[in-house]
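Chain by chain, the residues:
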Amino acid sequence: MVGNIILWIALGAGLTAAVSYYQAATQQKSTMRLARNSFGAMVVAVVVVSALLFLYVLRHQFEYAYVWGYSSRSLPLHLLITTFWAGQEGSFLFWALCGSIIGPFVMSYSRRKQIECEVMTVYALVQSFLLVLLIVKSPFQMIWDAHPEQFAVGAVPADGRGLNPLLQSFWMVIHPPVLFLGFAAMAVPFVFAFAALWRRQYGEWIGYSVPWVIFGTIALGAGIILGGYWAYGVLGWGGWWGWDPVENSSLIPWMVGVILIHTMLVQKRTGGLVRTNFILAISTYVLVVYSTFLTRSGILGDSSVHSFVDPGTLTYTLLVVWIVTAIAFGFGMIARRWKAMQTSVQPSSFWTRESLLAISSAVMGASALVILLGTSWPILSRASLEPTFYDKTNLPIVIALGLLLGASLLVQWTSGSLRELVRSSFNSIAASAAALAVLVWLGVHDFWMAAFAFTSLFAFFVNVVRLYRLAKESVLYTGGALSHIGLALLFLGIIGSGRYGHKETATLTLLEPREVLGYTLTYTGSQATSDGKWKFPVRVEKNGSQFTLQPVMYQSDYNNSVMRNPDYASFLMKDFYIEPVSLEQIAATGGGGQARNVIRLRKGESRVVDDMQVTFLRFDMDHQAIESMTGSGGFAVGAVLEVKKGRATELVIPVTVYQERQSPQTRVARTEDGSRGFELLAMNVGASATESAIDLNVTGAQEPIVASAQKEALVIEASVKPFISLVWAAAALVTTGLLISLRSKWNNRRGRGARSSMSAAAEKENRGLPRRSNGERVEELAEGT
């Protein structure tokens, strides 16, 4: 109740701020004080309501449906904190919190630029939209209101459902907050662009918007790569990027943000691309909102592992209204000012940096459009596109992008020629050709992959030379070169780990070595972990060296499914990666060579045996009889069977017990009347219902209960991922480069680093590069491009 009241107060304050700022911008300045105070009240209210939700989570107040639905008493503190943003309601609140933290900085910054009224009018409305969503989809709903069929009014459960096991990771502490910070930050270029259109200032806004675009791009990019590393190292999805629609929906605004940085630079240097920059600034935020719609509307429920469930008709409608409103106001204002934005700048020749940067932006924009089309396909056809669609359509695009990434830095801004470009790029082309020859010798024989590698190497060498020259003058000039080097390395890492990786599925019988992908693998037996999970150590040997990987599998009570965590070893040139698939038994004859009545059942399948119907329901990896059977807390896997005889129905659970350094033992489970016994001979704990299966020995009433030794086997998917380390190094370089550029831009905006002090640096940097004016060289150093 208190939380909802504060949310209403925050919404009222936000709307009051928006109206008051609008009045101050159009009619009377006397409302400015009310506008500032109201915005401050909204910020305070959002901070207070966020602290309140944190308090409810930490105090285990399960009378609130959100707290019950995502937390439990067993969660450690760091995971308990993450439940704040684990669900739809909490993630909306955290987004609003990030926007509220950024808000005062935007207000102060825009006040210094004398655009506060226009900027804060739009920013307050953006925040108000989030608050409306929070009131409709509130994290403070009582549990008996949310689940009246489960809980009576006033009934408080003793514990919560807990956090989804997929989210129980250290990376859950970092990845979502960074991503939502990026979402919130991308609203700032949107409001600056809208304010500039409002004030008919089509050039001035570029200078004070660039730092915010860079900041938002850094946060979004960092969130994306953290999610990729999480998927690769913990979740066991076999890779760091799978073209999942929800992953794509965050990537697209990041790509548009990167394009916007470069087109803003063009406008600042030449005065061109004025309309393009407004379109991109509006589009970036619209795409963030669209990403939110895809993730939280439930529309991708069958297409994405990230998608939330259906939030309800009203929330769905509000998300659509949010998108339509952002598009209508943003692009409507562009249309209204379209003629006024016409510039007198003469088009430059093709072989200039302005032209090549514009072409590079268009090429990257084409990639973003392709990804947007593929991501939106489930909306159009109720089916998702395979990853190969993105791979094939983007390959020629990124080949061209790599070439342009290098060539654009070897020409002048306003004049140039093909001959000059060829002369300047000769050394980089030669180095790229030599490096490509090595890659061909190593096995890169596909023409398109070789072309992709060549253009990536070309971009790499051009920017390495540029980095060296700029670093001699100041580290603050190296941001652009570092980011470009990172992007080139990312392309090379994608080629190595994606196209030339190797994968093999293998069954590892206990203590029996097997050759897989050139390595000798030996499964040494299951081991319990301190947190109640089970690890399955595999000894890996090659060329006299040895190491052990320990993938993990465990039964989740949260969704009654088997969870898997991979393990891998990193080397300079590759990773060796093991993903657990299932635990199986190889059936063996026991009980003194007795004849057996063996049946095979898949999960959910039924079979008639004599006068009974037997149905395999699920696996049970937390069977209550474990302790009594083993006396030592062993690891038991049970198969839950539903046995129907006439009108009587009962559950029977035959169990196989695993203990460290011992062969697994089966335990026969009998029906209540003792007429039938069920022995679990073999099983496949698969990832899906069609893969999960068991072999049962059905014994008669007079047969003795016997235990039969089984051969335990671990099914794995092993893979070698060449040059995957380049992906992580590339991400670090791109982020570092953007951070350096951000620092440089802030310094420039504050008047540091006078132009005169850079004249000598510009003269030195000019050596060995195409001739251009000293002023151009100084400007480039100041921009760090």
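Attention here is on the structure that accompanies the text. (Residues numbered from 1 in each chain as written. Predicted model: local features only at pLDDT ≥ 70, side-chain atom pairs only at ≥ 80, totals over all residues. Heavy atoms only, no water.)

What follows concerns the overall build of the protein. Along the backbone of the protein there are 22 helices and 22 strands. Per-residue burial for the protein yields a buried fraction of 56% across its 785 residues. Counting contacts in the protein only where the partners sit at least 6 residues apart, residues at least 24 apart contribute 69% of the total. If you sum the accessible surface of the protein, you get close to 33,000 Å²; carbon and sulfur atoms cover 59% of it. (Helix = DSSP H or I, 4+ residues; strand = E, 2+ residues; numbered from the N terminus. Buried < 20%, exposed > 50% of the residue type's maximum accessible area, 1.4 Å probe, protein only. Contact = heavy atoms within 4.5 Å. Areas by Shrake-Rupley, 256 points an atom, 1.4 Å probe, with all protein chains shown as cover.)

What follows is about the sheet that holds strand β8 (residues 552-556). Pairing is antiparallel in the open sheet, where four strands are placed in the order β4-β5-β8-β9. Each of the sheet's edge strands pairs with one partner strand only, and the pair in question is β4 (527-528) and β9 (561-565). Across two bridges, the pairing between strand β5 (residues 534-535) and β8 is antiparallel. When the bridges of β8 are listed, W534 appears paired with M553. (Pairing = 2+ DSSP bridges.)

Another aspect to go through is the sheet that holds strand β7 (residues 545-549). Reading across the sheet, the four strands line up as β2-β3-β6-β7 and stay open at both edges, with antiparallel pairing between neighbours. Both outer strands of the open sheet, β2 (514-516) and β7, are each paired with one neighbouring strand and no more. Recorded for the sheet is a direction-independent mean angle of 30° between the axes of neighbouring strands. (Axes fitted to C-alpha atoms, helices over the stretch in contact; angles between N-to-C directions.)

What follows concerns the environment of P387. Relative to the helices and strands, P387 resides in helix α15 (residues 387-407). In this structure P387 comes out as partly exposed when scored by relative accessible area, which is 34%. Residue contacts for P387: discarding those within four places in its chain leaves G242 and W243.

Our focus in this paragraph is a nonpolar patch on the surface. Where nonpolar side chains cluster on the molecular surface, the patch consists of L373, W377, I379 and L380 and spans about 360 Å² of accessible area. For I379, the location among the structural elements is in helix α14 (residues 353-381). (Patch = residues over 30% accessible without salt bridge, like charges linked within 9 Å, V, L, I, M, F, W, Y side chains within 5 Å. Salt bridge = Lys/Arg side-chain N within 4 Å of Asp/Glu carboxyl O.)

As a further point, take the nonpolar core. Grouped together as the largest cluster of nonpolar side chains are 169 residues, with contacts concentrated most on F39, W95, Y123, F192, W205, W254 and F278. Here this core gets 13 residues from one element, more than from any other, and that element is helix α12 (residues 274-296). Contacts of W95, omitting those with residues within four sequence positions, involve L130, F180, F183, A184, V288, T292 and W322. (Core = buried A, V, L, I, M, F, W, Y, C linked by side-chain atoms within 4.5 Å.)

It is worth spelling out the packing of α12 against helix α13 (residues 313-337) at this point. A pair of packed helices can be characterised by two numbers: the angle between their axes and the separation between those axes. One way to put it is that α12 packs onto α13 with a least axis distance of 10 Å and a crossing angle of 175°. Relative to α13, α12 is oriented roughly antiparallel. Residues F278, I279, I282, S283, Y285, V286, V289, Y290, T292, F293 and R296 of α12 touch α13, and the partners they reach there are Y316, L319, V320, W322, I323, A326, I327, G330, F331 and I334. In terms of residue class, the contact of α12 with α13 is made up of 17 nonpolar, three polar and one charged. (Parallel < 35°, antiparallel > 145°, perpendicular 65-115°, else oblique. Nonpolar A, V, L, I, M, F, W, Y, C, P; charged D, E, K, R; others polar.)

In this structure the tally under the stated criterion is nine salt bridges. Between E605 and R607 there is a salt bridge, and its shortest N-O distance comes to 3.8 Å. Because the salt bridges share partners, they merge into one network encompassing R36, R111 and E116.

In this section: the environment of I495. With respect to the element layout, I495 can be found in helix α18 (residues 479-499). Linking I495 and P722, residues 227 residues apart in sequence, is a C-alpha distance of 8.8 Å. Apart from residues lying up to four places away in sequence, I495 is in contact with M449, F452, A453 and Y500.

On to the packing of α14 against α15, then. Running from N to C, α14 and α15 point in directions that differ by 165°, and their axes come no closer than 9 Å. If you check the angle between α14 and α15, you find them roughly antiparallel. As for how α14 packs across α15, the hand of that crossing is left-handed. Contacts between α14 and α15 involve L356, I359, S360, V363, M364, A366, S367, V370, I371, G374 and T375 from the former and F389, Y390, T393, N394, I397, A400, L401, L404 and A407 from the latter. (Left-handed = near helix turned anticlockwise from the far one by under 90°.)

Next up on the list: unusual backbone geometry. Of note, the phi angle at H60 is positive, near 55°, even though the residue is not glycine. Within the secondary structure layout, H60 lies in the loop between α2 (32-58) and α3 (65-70). Positive phi outside glycine occurs at L273, with the angle close to 60°. Topologically, L273 is positioned in the loop between α11 (245-270) and α12. For L273, a relative accessible area of 24% corresponds to the partly exposed category.

Right, let's talk about α14 for a bit. With 29 residues, α14 ought to run about 42 Å at 1.5 Å a step, and its terminal C-alpha atoms sit 41 Å apart, in line with that. Of all bends in α14, the biggest is about 35°, found at T375, and the proline P378 comes one to four residues later. (Expected span 1.5 Å × (residues − 1). Bend = angle between axes of the 7 residues up to and from the residue.)

Enumeration over the complete set of coordinates arrives at 40 aromatic pairs. Aromatic pair W171 and Y229: ring centres 5.3 Å apart, planes at 70°, arrangement edge-to-face. Pair noted here: W171 is in helix α8 (residues 171-185) and Y229 is in helix α10 (residues 204-235), with a separation of 58 residues, a long-range link. A relative accessible area of 27% places Y229 in the partly exposed class. (Phe/Tyr/Trp six-rings, centres within 6.5 Å; stacked < 30°, edge-to-face > 60°.)

Keep in mind that these numbers describe shape and distance, not what the molecule does.
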